[in-house]
Each structure stands twice: as C-alpha cells, then as structure tokens.
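Structure assessment
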Amino acid sequence: MTKKLIAGIGMLAFVMFACKKTLPDTPLPVSGETAYYPPGYNPSVKNKKSYLGATQGSISDIVIDSADKKNAFIIGNFLSINGNPFKGICRFNGVTNTFSSYQTNINFGYTYNIRSFAQYNGNHYLGGIWFDNIQSHHYFGHKSPANSTIIYDVEPNDFVNTMKVQSGNLYISGDFTGVNTIGGYISPLFCINNPTQYYGSQTFTSYDVTKMAYYNSNWILASPIVNGYLLASGGGNWNLNYGGGFDSQITDMDVFANKLYAAGYMSSSNSFGTALNYVNYLNTNTNTWEKVGANNLPGPCLDIEYYNNTLYACGNSNFAQVGYFYYLDATSNQWKSYVASSITVHSYPHKMAFLNGKILLAEGIGLYLYQ
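Let us look at the structure shown here. (Residues numbered from 1 in each chain as written. Predicted model: local features only at pLDDT ≥ 70, side-chain atom pairs only at ≥ 80, totals over all residues. Heavy atoms only, no water.)

We now examine the packing of aromatic side chains. Inspection of the entire model under this criterion finds 21 aromatic pairs. Each residue in the set Y307, Y312, F325, Y327, Y338, F354 and Y370 is aromatic and connected to the rest through ring pairs, giving one cluster. Across from the ring centre of Y368, 4.3 Å away, lies the NZ or CZ of K49, which sits over that ring. When the ring centre of Y281 is taken as origin, the NZ or CZ atom of K259, which lies over that ring, is 4.5 Å away. (Phe/Tyr/Trp six-rings, centres within 6.5 Å; stacked < 30°, edge-to-face > 60°. Lys NZ or Arg CZ within 6 Å of the ring centre and 35° of its normal.)

Pasting the structure below:
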C-alpha cells in the first residue's frame, strides 16, 4: 500500500469521526476545559420538567433529609399526593422519584395540617395540628425515625409555624402564646432546651410568626401583624421595623453566605420609603435593607433558596396567571429565568428544594421535578 493511499484513508477516517452526529441540544466534547454549545442551547436553564402528582391541598415545606440527602420530607395541609393518602406528611425518594408514607401513631382524622418539621438530636420534630385520639389534639411533638410513637413533652397552645437549630438548641415560633398550660407567654420565641429563657418584655395578644432567622447575634422573626413586618431580639424589648422594615408581608427569610435575605410582597422600606425589590438583603454597614438584583422579579417572591453559590427565587408574575422560577446571575447582577422559554411555570409556585441536582417545585396543588 502506497504512502499516499495510507494518508488518504487516515484523512477519510478523521473526516468521518468529525462529522459524527450528536444528539440535539447536546454540548459537543472538545479539547481543553471549555465546551461548544449549539445555537439556542443555554446551560444555565432547565429544559426538562416532569409532573410528579397532585397534592390535593397545599405544601408548607420541602425539607431535605439530613440523614440521607438523597431524600426529602414533604409537609403541608394536603390529603394525598399522586393519589396516595398521606395526609400532611410523606417521604420523597430523590433517586426513584417516588413517595412513601411517614409512619406515626397520629390519628389525623379530618385535621392534618403540618406546618413545620425539623431534625434535631436524632429525632424528628413536627409542628402543626393533629389528633392522637378522638378528642385530644396537639400542636407539637417529636419521635425517633425508627419509632412511630410521638412524644408530647412540650405543649404550645397554638401552631408552631417555624423551627431553627442554633448553638445546639432547638427554637420554635408561631402563633402560640403559652407553653405547657402557661398562658400569657411574653415572647414569640421558645427554646425547648431551656423553657425559662425569654426574649423581650412586650406582651402581644398574638404573634403569628411565619419565619425566623438568627443573624448577627439577633433573632429576627417575620410576622404579618407587627409594624414593619419584622421584630428582632436585643435589649429589653423586641425591636420592630428591623433594618427599616417593609411596607408589605415577608414570605421567606434566611441567611445565605453570611447575608440575611428577606423575600415577599414588599416594594419599599416601611421607615424610609426607599424603593426595594421583592428580594432584599440587610446591609450591616447601614443597618438598612437593600435591593437584590439590578432588575426586579416579575412579581411577589414566595420562596428563596441558595444552591451552589447561586440565589434562586419563585413566585407569581404580576397581572398574569402564571408563575416564575428565576436565578440571580452573578456576572450581570440580573434576575433571569431558570427554565427554558418553552416551559410554563404554573401559577403559585411557592416552595422549592434542590435534591441531587434536581429541583422539586410546588406549583399550585401540583408537584413538579425540574432537571
């Protein structure tokens, strides 16, 4: 075989390999650390959405299982998920994308509203309302993961809406004004490890705390019934209008990357009247709330999450019966859609969780998987 013939065969093999077809919208492998993306392909958005089932009621939270981060607990005021009668709480397997029962001795009857869930000291803590027999109802209890019996050694007189583990202790807050038959409780915050630990001296007729965060050695609580929609611990009284407060309700609040974020229906500061976004952070230098993002989201934000150094938000678009699912692009400081334009986010997307690189998103009374 001549050298020219050998060279010709080699060139033909190279051309055939180079022209090999690839799957549509799939990045082509190239040398080095970069990849070529075909026109129209955006690696920053999700292009696949799957329907997991109807919830027949509302979801309050999706909590990643700290003992096995491939799974999650789904809680709320629902009768069933995907036709299975779970009533307020179930497990989700993030590998098989299936649901299973959460075993307890609760007799839910017609009441099955679970509003908060926490894993602490090897136990599961539940806040909500349920019956353990025909007449006796409870708002708070705990159980071991392997046992179905719930223990009631702390008895608030109303809903526990939110829980947080801080400095080795478990704190709860919500609508209650008394604990263990003691009424007229003077604080909206209760530490189950130290029942005599009080915060502030004001007496409120109700608290209705929906979210809580610990930041800069202060407890910050979100409540729809106080001035500025916020109260913070410190000194002898609760500090209302924390950071200037807001002109409307907070739906989510948390600390991400050493910053305190608050999201909701707000459009300005309650104290100063400065324009704000639906997601804001606390500037510790000025102790005021400032906008997150050079632009604003399409409508009120219902939930925020932080995953892989990126902030995400979901909510309802203004004047439209559709929702949105956005991320904050760090390079441009712009809020951008996290889903492809071909995908519709249904109205009222209100709770999300990142699980094994997938995203669970509660939209209306349905649960969806993005990947």
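There is more to say, and it comes next.
This part takes up the nonpolar core. Core analysis: the biggest nonpolar cluster contains 17 residues, and I62, I74, F99 and L367 have the highest contact counts within it. Taken together, the elements giving at least two residues each to this core come down to strand 2 (57-64), strand 3 (71-78), strand 4 (89-93), strand 24 (349-355), strand 25 (358-363) and strand 26 (366-370). With residues near it in sequence (within four places) discarded, I62 still touches A72, F73, I74, K351, A353, L360 and L367. (Core = buried A, V, L, I, M, F, W, Y, C linked by side-chain atoms within 4.5 Å. Buried < 20%, exposed > 50% of the residue type's maximum accessible area, 1.4 Å probe, protein only. Helix = DSSP H or I, 4+ residues; strand = E, 2+ residues; numbered from the N terminus. Contact = heavy atoms within 4.5 Å.)

Phi angles above zero are rare outside glycine, and Y229 is one such case at about 65°. Inspection of the secondary structure puts Y229 in the loop between strand 13 (218-222) and strand 14 (230-232). Residue Y348 is not a glycine yet carries a positive backbone phi of 60°. Looking at the secondary structure, you find Y348 in the loop between strand 23 (334-337) and strand 24.

An order of 2-3-4-5 is seen for the 4 strands of this open sheet, with the pairing classed as antiparallel. Of all the strands in the sheet, the pair left with one neighbour each is strand 2 and strand 5 (98-101). Averaged over all pairs of adjacent strands, the angle between their axes in this sheet comes to 30°, without regard to strand direction. Where strand 3 lies against strand 4, 5 bridges are found, and the strand directions are antiparallel. (Pairing = 2+ DSSP bridges. Axes fitted to C-alpha atoms, helices over the stretch in contact; angles between N-to-C directions.)

On the basis of which strands lie adjacent, the open sheet formed by 4 strands has the order 12-13-14-15 and antiparallel pairing. A single partner strand is all that each edge strand has here, and the edge strands are strand 12 (211-215) and strand 15 (239-240).

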